Amino acid sequence: MSSDFRVTLLGTGVPIPSSERFGPSTLVEAGDQKFLIDAGRGATIRLYQLNIPIGRIDVQLLTHYHSDHTSCLPDVWLTGWLSSHFGTRKAPYRVIGPAGAKRLMENLERAYADDIKIRIADEKLPPSGIATDVAEFDRDGPVFEKNGVKVIAFEVDHGDVIKPCYGYRIEYGGRVAVFSSDTRYNENVIKYGTGADLLVHEVAMAQPALMKEAYIQRIIGHHTTPYDCGRVFAQTQPKLAAFTHVVQLASPQVPPPSLDELRAEVRRAYDGEFIVGEDLMSFEIGDTVTVKRLMPR
Ligand SMILES: [Zn+2]
Ligand SMILES: [Zn+2]
């Protein structure tokens, strides 16, 4: 049975400018509404590949302010406003995020003021479509509710100075999708992840030979190892767990860990179903969670 609750990983990557894994961004479609969680590099390209007008996004959710999660934000905002079929937004661009969202959008409005002025004068684009409607939050709880969709933000732990950082739990039609955002092993993910049909979690790994490097330890310390992800999955028991934001650390001497090595680490702690996400992999959340791959392999 097909469901109208669908999650699509637009970008499963990290700051590496990879053509295979674009920057972190996830599309959530629930009934007639579309949500974008973060807008990493290439999010607009992936929406275009899906034939979804960029201006059709109802709500932009932000998790935190690392640039790999926001670098495509101006593109979603500005290109979504164009009158071409891939743009079409006439209502203000709605953004919900932790403290910092307002500053970010105000500064983008300043940075692109000339473009906005020119397009209003030249292309007669509606000023309402480039306006922003930004809401900030500073604690766990519901941040959006409309037409049967409830979005709940929950704080995660991305490191002592990388604050604020929040994950999201999205409920629709009795189903639940949970997104960890960037975090190390964190009880709040377990609290809000419990009962999820789909749990989308970040992961980071390096070969043991690389783990002695201080900068590698710092990076790993901001994220969740595959073994700890396995512990999270074992405690939350989602119908399906999926990895995004796949960090496979390497150096000129030490190659990145393979996905098989990553899977083996998860298996030490978890025997349920999980999948390593790919760009344009989608999950239809019904009685079961159905995986589809839209990217030619
Ligand atoms: Zn981050
Ligand atoms: Zn990140």
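Residues numbered from 1 in each chain as written. Chains lettered and ligands numbered in written order. Predicted model: local features only at pLDDT ≥ 70, side-chain atom pairs only at ≥ 80, totals over all residues. Heavy atoms only, no water.

## What to know about empty space enclosed by the protein
Let me state the cut-off plainly: Only protein atoms enter the 1 Å grid used here. Points where a 1.4 Å probe fits but cannot escape make up a cavity, open sets with protein on both sides within 12 Å along at least five of seven lines make up a pocket, and a residue lines them when an atom lies within 4 Å of a point. Grid points are joined across faces, edges and corners, and a volume is the space filled by probe spheres set on the points. Numbering of helices and strands runs from the N terminus; a helix is a DSSP stretch of H or I covering at least four residues, while a strand is a stretch of E covering at least two. In this classification, the charged set is Asp, Glu, Lys and Arg, the nonpolar set is Ala, Val, Leu, Ile, Met, Phe, Trp, Tyr, Cys and Pro, and all remaining amino acids, among them Gly, are polar.
One pass over the structure, following the stated rule, counts 1 cavity of 30 Å³ or more. Each pocket or cavity is described by its volume, and for the largest cavity that value is around 150 Å³. Put simply, the parts of the chain that give the lining of the largest cavity at least two residues each are β2 (25-30), β11 (198-205) and β12 (240-248). By residue class, the composition of the lining of the largest cavity is 4 nonpolar, 9 polar and 3 charged.

## Topic: the coordination of the zinc ion (ligand 1)
For a metal with four tetrahedral donors the ideal donor-metal-donor angle is 109.5 degrees, while six octahedral donors give ideal angles of 90 or 180 degrees. Rules: Any nitrogen, oxygen or sulfur atom within 2.8 Å of a metal ion counts as a donor, with the limit raised to 3.2 Å for Na, K and Ca, and since water is left out, coordination shells can look unfinished. Labels for metal geometry use angle windows, namely 85 to 135 degrees for all angles of a four-donor tetrahedral site, and for square planar (four donors) or octahedral (six donors) sites opposite donors over 155 degrees apart plus all others within 65 to 115; sites meeting none of these are irregular. Think of it in three bands: with a 1.4 Å probe and only protein chains considered, a residue is buried below 20% of the maximum accessible area for its type, exposed above 50%, and partly exposed in between.
Every protein donor of the zinc ion (ligand 1) is listed here as H64 (NE2), H66 (ND1), H158 (NE2) and D182 (OD), and their distances to the metal cover 2.1 to 2.3 Å. Around the zinc ion (ligand 1) sit 4 donor atoms, and with donor-metal-donor angles ranging over 92 to 162° the site reads as irregular. Positions of the donor residues of the zinc ion (ligand 1) along the chain correspond to the pattern H-x1-H-x91-H-x23-D. A distance of 3.2 Å spans the gap from the zinc ion (ligand 1) to the zinc ion (ligand 2), which D182 bridges by coordinating each metal. A relative accessible area of 0% places H64 in the buried class.

## Let's talk about the sheet that holds strand β13 (residues 274-276)
Note the threshold: Think of it this way: DSSP has to see at least two bridges between two strands before they count as a pair. Between the N-to-C directions of two axes lies an angle of 0 to 180 degrees, each axis being a line fitted to C-alpha atoms and, for a helix, fitted only over the stretch in contact. Note on contacts: a residue pair is in contact if any heavy atoms of the two residues lie within 4.5 Å.
Spatially, the 7 strands line up as an open sheet ordered β7-β8-β9-β10-β11-β12-β13, and their pairing is mixed. Two strands lie at the open edges of the sheet, namely β7 (141-146) and β13, each paired on one side alone. Neighbour-to-neighbour, the strand axes of this sheet turn through a mean angle of 20°, independent of strand direction. Where β12 lies against β13, 3 bridges are found, and the strand directions are parallel. In the strand pairing of β13, A242 is matched with I275. Helix-sheet contacts for helix α8 (residues 226-236) involve β11, β12 and β13, and the interaxial angle to β11 is about 160°. Strands in contact with helix α9 (residues 259-267) are β11, β12 and β13; relative to β13, the strand with the most contacts, it is inclined by about 155°.

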